[in-house]
Structures are given as C-alpha cells and as structure tokens.
There are 2 protein chains.
Amino acid sequence: MKDINTEQAILNAAITIFQKKGMAGARMQEIADEAHINKAMLHYYFRNKQQLFEAVLMSAFQKLAPQMNIIFASEIDVFEKIRKFTAGYIDFMLENPYLPLFIIHELKHNPDFVKKIMLHPNKPDPKPLIIQFEKEIKAGRIKDIPPKQIVLNLFSLTIFPFVGDTLFKIVLDIEDKDYHKMIQERKTLIAEQLISSISA
Amino acid sequence: MKDINTEQAILNAAITIFQKKGMAGARMQEIADEAHINKAMLHYYFRNKQQLFEAVLMSAFQKLAPQMNIIFASEIDVFEKIRKFTAGYIDFMLENPYLPLFIIHELKHNPDFVKKIMLHPNKPDPKPLIIQFEKEIKAGRIKDIPPKQIVLNLFSLTIFPFVGDTLFKIVLDIEDKDYHKMIQERKTLIAEQLISSISA
DNA sequence: ACATTTGTTAACCATTTGGTTAAACCATAC
DNA sequence: GTATGGTTTAACCAAATGGTTAACAAATGT
C-alpha cells in the first residue's frame, strides 16, 4: 500500500494549485502534473473536483486554527498575549502568504462549506482572550469596548496587510522590498498600537 | 444607435457576475443572461472575456478611488479626517459589499493588470493625509509612527471586516444581524481607537 | 505458487465554454 | 423607397475540461 504517499502528494499539489488559482481557476490536469501522477488518480482518491477542493480547504482551515488557539488559550497577561499573537501570526503568514486570502475568498464563495466548518471541532476560538478582556474591563484596566470589536481589530491589523498586499503596494506606492520591511516592523508595532488604543 | 445602452447593460451585468464569481468562475453566457441579451453581443462590444473583465475591474477600481480621494484631499483636521474616512468608507462598502474582496482577489491573480493601474491617472492617493501625519508628528501632537503604517492601520480596520466577514462570523460565532450591528458600531469606534493609538 | 485485491495508466467520452459566422434587423441618409 | 451602416440573433465550432473505463501492474493473503 503506497496509497498514503500518493494521497498526500495529491493533497500537497492540490493545496499549491488551489491556493494559487482558487477553486474555479484550478485545473485537475494541472494538479496532476504538479503531483507528477496520472489525472485519474485524483478521482481514484478524491472522487471529484469538489471533494478534492473541500479536502484542501479543510486542511487549510485546520492549519489556521491551531496556530491561533495555542496563543489564545495560553495562560499569560492580556497585553503579552496580544504581543505574542501579532508577532507569531505575522511569522506564520510570512510562511503561508496565500493562505488567508484563499480561505476568505473560498469561504465566501462556498456558503455550504461554512456550515461544515461550524460543526467541526477544531475551530479558531478566541473565547479565552475575550474572557480576559472582560475581566480587564471590569477591573478598569482597559476601556469599555466590546471585546469582540477588539478581537476584530486585532485580526484586521494583523491579517489584512497580507490579504490586501497588492492593493496596498499600489495605494501606498511602495516596492515589494519596502513593503516587507513594513510587515516586519508591524510585528511589534501593531501590538503597541492596539494596546495603547484600549488602555484605560 | 442604441449601442450605448447595450454596452452599459453588458458592463453592469458583467460587474454583477464577475464580482460574485470572479474572473475564473464567471461564464460569458451567465453575463449575457444577466444583461438579457445575446451572448454574441459581449464579443461585439468587448472582443473577449479578458477585455470585458479588465473593463469591469477597471471600473470597480475607479469606483474605489474617488471615494477615498475626496476625503483624503479635503482641508480638514487630521483627526476629523480619520473620522470622516471610517464612517464614509464603511457606508460606501455597505452599499458595495463585494467590491473590496473582488478587487483584492483579482489584483493578486492578475499581476499584469497591476501595472496598467499604476499608470492610470485616477489612483487612490493618501499622500495629503500622509503629509498631515508628518506635520502632526513634527508638532508633537501625534506619536512618531511611520505615517504609512498609520494609513495601513486605517485601511485594515475599515476594510477588513468586509473582506473577511465570513471568516469572522465563524471565528466570533456571530449571526449576520449581530455582525451588521458591529459594523455600524465601528463607524465611530475605530476612528476613536485609531486616534487614541496615535495621540501623543 | 496463485488468486484477489489495490494501485496506476493511457485512451476515451460527454459536456461546457469561449468564440465565430452569416444572415436578419433596423435606423438613418439619400 | 431603398441603399448603407451599424446592431442583433441563432446556429455553429473547436478547444478545454471534468470525469470514466478497461486493461495492466503491484501488493497481499492463503
């Protein structure tokens, strides 16, 4: 049984191609070529394009979630948690630059898939962080802002520069190299920005 | 000559379909149906799919830019400008919810088109705002943070909640209706957050 | 050793899709 | 009125694409 190798090779190739071209833009033949196997194998292991795609999207989502939860669930000070998250997540995205836009785009175009994810056990869960915010608000250490809004801000500041990089490079009239420097700078900058925006 | 009407009808239909399905996912027949015309007309007016798509993407981009520039170029106080931008832009996106993700996604998948836009006169231009930031920093009224980073934050906080709405609804475990409320709340919230994060 | 299951391949198929064409339509100019 | 030009339509076409099949190879169990 060498099926385990082949199946993984298909999945890896599919991840690469789907992330780059999206569900609609990807071609089965292209995925087969990327995996150096016969196209029929794709159907042998994953039945059809839709199911292969869903396996890829699910695996992409699975990759996101743990990365978040490790930090969200750790037992550290709120501010320190924010710092850990921004720095850690930026590093993670530097290694997986296609991931966030891929997930966001395909999630929006596959509403049925959203339901499947909702039922899945391994979701990103910011609840521990939200509870910490609530405590800090009660203690008067941070401003009375809806905690979910703070999380939304945290996500936006961290993730959007990767999702919208092409647009930003145009609007800010900036080269790839300089943009990369800005991203590096953000690893510490946005945590401090966010903290000072919520500190009481 | 009723060609002007037909051409516009095609463009409108194409905008609708391309925004919903993307370049790769859209079908010429679907666009023709949406416009209630014969498919051959698409080719009569726009030659082929690529050119029709580029016309759509350009028009979408043209829609974004003025909306930004009006606010960026106006002669008002920096903080007031931030408030105007967030509120105004959120309203704009509530009316065009597909626009930002469409532009970002297609820009990333059509690198050649990026060059075309760079040459185009009507680009979003945050330079007036950046100059204001620089002045305020020199005057010691706001912290010494790279102005482009502030603009990046402003964009992220404003636009990302629309781009990533599907993901957020999953992560924050929130219904459409409540998410809409959060967005409304953000119209004033994020301006104040951003301002307090940069105030000296 | 041999039968059976599992994995792999090349050739093939039906449908979809972007694009074309030739004829028809229709407004306007003469 | 009818010739002329742009506009619209239905039918058509070739290529691409997702998916299938039947034969072949390689393990696996007995």
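The residue numbering used here restarts from 1 in each chain and proceeds along that chain's sequence as written. Chains and ligands are labelled by the order in which they are written, letters from A for the one and numbers from 1 for the other. For this predicted model, a pLDDT threshold of at least 70 governs which residues receive local features, and a threshold of 80 or more governs which side-chain atom pairs are given and counted, while totals over whole chains, interfaces and linings are taken from all residues. Hydrogens and water molecules were not included; the side-chain quantities draw on all heavy atoms of the structure.

- As annotated in an unreviewed UniProt entry, chain A carries the name TetR family transcriptional regulator and comes from Maribacter luteus.

## Looking at the overall build of chain A
Right, on to step 1. Along its length, chain A carries 11 helices and zero strands.
Right, on to step 2. Numbering goes from the N terminus for both helices and strands, where a helix is a DSSP run of H or I of at least four residues and a strand is a run of E of at least two. When its helices and strands are written in sequence order, chain A yields α-α-α-α-α-α-α-α-α-α-α.
Right, on to step 3. Referenced to the eigenvectors of the C-alpha coordinate spread, the extents of chain A come out at roughly 60 × 40 × 30 Å.
Right, on to step 4. With 200 residues in all, chain A has 52% of them scored as buried.
Right, on to step 5. In what follows, residue pairs with any heavy atoms lying within 4.5 Å of each other are defined as contacts. Partitioning the intrachain contacts of chain A with sequence separation of at least 6 by distance along the chain shows that 69% fall at a separation of at least 24.
Right, on to step 6. Here chain A contributes 26 positive and 24 negative side-chain charges, whose respective centroids are spaced 4 Å apart. Only protein chains enter the accessibility calculation, which uses a 1.4 Å probe. A residue is then buried if its area is under 20% of the maximum for its type, exposed if over 50%, and partly exposed in between. Counting rule for charge: Lys and Arg are taken as positive, Asp and Glu as negative, and neither His nor the chain ends is counted. For the purpose of locating charges, the reference atoms are NZ of Lys, CZ of Arg, CG of Asp and CD of Glu.

## Observations concerning the relation of the copies chain B and chain A
Right, on to step 1. Superposition of the copies was done by least squares, using only C-alpha atoms of residues whose pLDDT is at least 70 in both. Rotating chain B by 180° about the axis while translating it 0.0 Å along that axis superimposes it on chain A, leaving an RMSD of 0.0 Å. Taken together, the rotation angle and the small translation identify this as a two-fold axis. Using C-alpha coordinates, one finds that chain B approaches the rotation axis most closely at B:Ser197, a distance of 2.2 Å.
Right, on to step 2. Residue by residue, 100% of the interface of chain B is reproduced at the interface of chain A, so both copies engage with the same surface.

## So, the UniProt feature "DNA-binding region" (unreviewed entry) in chain A
Right, on to step 1. UniProt tags residues 27–46 of chain A as "DNA-binding region" (unreviewed entry).
Right, on to step 2. With 80% helix and 0% strand, residues 27–46 of chain A has end C-alpha atoms that lie 15 Å from one another. UniProt positions are given in the numbering used here, feature names are shortened, and annotations may be inferred rather than shown by experiment.

## Details of unusual backbone geometry
Right, on to step 1. Even without glycine at this site, A:Arg47 takes up a positive phi of about 65°.
Right, on to step 2. Secondary-structure assignment places A:Arg47 in the loop between helix 3 (39–46) and helix 4 (49–73).
Right, on to step 3. The class of A:Arg47 is exposed, set by a relative accessible area of 64%.
Right, on to step 4. Backbone geometry places B:His36, a non-glycine residue, at a positive phi of 55°.
Right, on to step 5. Considering the arrangement of structural elements, one finds B:His36 in the loop between helix 2 (28–35) and helix 3 (39–46).

## Examining the packing of aromatic side chains
Right, on to step 1. When the centres of two rings from Phe, Tyr and Trp lie within 6.5 Å, Trp using its six-membered ring, the rings pair. Their planes under 30 degrees apart give stacked, over 60 give edge-to-face, and anything left gives tilted. Taken as a whole, this structure holds 21 aromatic pairs over all chains when the rule is applied.
Right, on to step 2. Look at A:Phe160 and B:Phe160: their rings are 5.3 Å apart centre to centre, the planes differ by 35°, and that puts the pair in the tilted class. With A:Phe160 in helix 9 (residues 147–163) and B:Phe160 in helix 9 (residues 147–163), the pair connects residues from two separate chains. The pair formed by A:Phe160 and B:Phe160 is uniform in burial state, with each residue classed as buried.

## With respect to the environment of B:Asp165
Right, on to step 1. Take B:Asp165: it is sitting in helix 10 (residues 165–171).
Right, on to step 2. The buried category is assigned to B:Asp165, whose relative accessible area is 15%.
Right, on to step 3. Sequence separation between B:Asp165 and B:Gln51 is 114 residues, and the spatial gap between their C-alpha atoms is 30 Å.
Right, on to step 4. Leaving out residues up to four positions away in the same chain, B:Asp165 has contacts with A:Lys108, B:Phe160 and B:Tyr179.
Right, on to step 5. Any pair of nitrogen or oxygen atoms within 3.5 Å is treated as a polar contact; in protein, a donor-acceptor pairing is required on top of that, and neighbouring residues in sequence qualify only through side-chain atoms on both sides. Looking at B:Asp165, its side chain comes within polar contact range of the side chain of A:Lys108, at 3.1 Å.

## Section: the packing of helix 5 (residues 78–95) of chain A against helix 8 (residues 127–138) of chain A
Residue and element names in this part refer to chain A.
Right, on to step 1. Convention adopted: a line fitted to C-alpha atoms gives each axis, helices being fitted over their contacting stretch, and angles between N-to-C directions are expressed from 0 to 180 degrees. Relative to each other, helix 5 and helix 8 sit at 145°, their axes nearing to 10 Å. In this structure, helix 5 meets helix 8 at a crossing whose hand is left-handed. Across the interface between the two elements, Val78, Lys81 and Ile82 of helix 5 pack against Leu129, Gln132, Phe133 and Glu136 of helix 8. We call a crossing left-handed when the near helix sits turned anticlockwise from the far one by less than a right angle, and right-handed when that turn is clockwise.

## Here's the deal with the side chain of A:His105
Right, on to step 1. Its place among the elements puts A:His105 in helix 6 (residues 99–109).
Right, on to step 2. For A:His105, a relative accessible area of 8% gives the class buried.
Right, on to step 3. Here the side chain of A:His105 touches B:His105 through a polar contact of 3.3 Å, side chain to side chain.
Right, on to step 4. Filtering out sequence-adjacent residues up to four positions away, A:His105 remains in contact with B:Leu101 and B:His105.

## Focus: helix 5 (residues 78–95) of chain B
All names here are of chain B.
Right, on to step 1. Every helix has an expected span of 1.5 Å times one less than the residues it contains. For helix 5, built from 18 residues, the straight-helix expectation of 26 Å at 1.5 Å per residue is met to within 8% by its first-to-last C-alpha distance of 26 Å.
Right, on to step 2. Considered for burial, the residues of helix 5 that qualify are Val78, Lys81, Ile82, Phe85, Thr86, Tyr89, Ile90, Phe92 and Met93. Projected onto a plane normal to the axis of helix 5, the buried residues spread over an arc of 160° and lie on a single side.
Right, on to step 3. Against helix 4 (49–73), helix 6 (99–109), helix 8 (127–138), helix 9 and helix 11 (176–198) lie the buried residues of helix 5.
Right, on to step 4. Sitting at the amino-terminal end of helix 5 is aspartate 77, which places a side-chain oxygen 3.1 Å from the backbone nitrogen of phenylalanine 79. Each direction from the helix axis to a C-beta atom contributes to the arc, which is the arc of those directions.

## Let's talk about the domain arrangement of chain A
Often, the extent of an interface is quoted as the loss of accessible area upon association of its parts.
Residues and elements named next belong to chain A.
Right, on to step 1. Considered domain by domain, chain A is made up of domain 1 (1–47) and domain 2 (53–198).
Right, on to step 2. Start and end points for every domain follow an automatic or database-based domain assignment. Computed over C-alpha atoms only, the centres of domain 1 and domain 2 are separated by 29 Å.
Right, on to step 3. Counting residues at the interface gives nine residues for domain 1 and eight residues for domain 2.
Right, on to step 4. In total, domain 1 and domain 2 occlude about 800 Å² of area from one another, counting both sides; carbon and sulfur atoms represent 76% of this.
Right, on to step 5. Taken as a group, Phe18, Gln19 and Met23 account for 61% of the area that domain 1 buries against domain 2, more than any other trio of residues on that side.
Right, on to step 6. Should a side-chain nitrogen of Lys or Arg be within 4 Å of a carboxyl oxygen of Asp or Glu, the pair is scored as a salt bridge. For the interface between domain 1 and domain 2, the tally reads zero salt bridges.
Right, on to step 7. Inspection of the region where domain 1 meets domain 2 yields one residue pair in polar contact (both at pLDDT 80 or more).
Right, on to step 8. For the side of domain 1 that touches domain 2, the element with the highest residue contribution is helix 1 (residues 3–25), accounting for eight residues.
Right, on to step 9. Among the residues forming the side of domain 1 that touches domain 2, the class breakdown is six nonpolar, two polar and one charged. Buried area: the sum, over both parts, of the accessible surface (1.4 Å probe) that disappears when the two are put together. Three classes are used, and their members are as follows: Ala, Val, Leu, Ile, Met, Phe, Trp, Tyr, Cys and Pro are nonpolar, Asp, Glu, Lys and Arg are charged, and the others, Gly among them, are polar.

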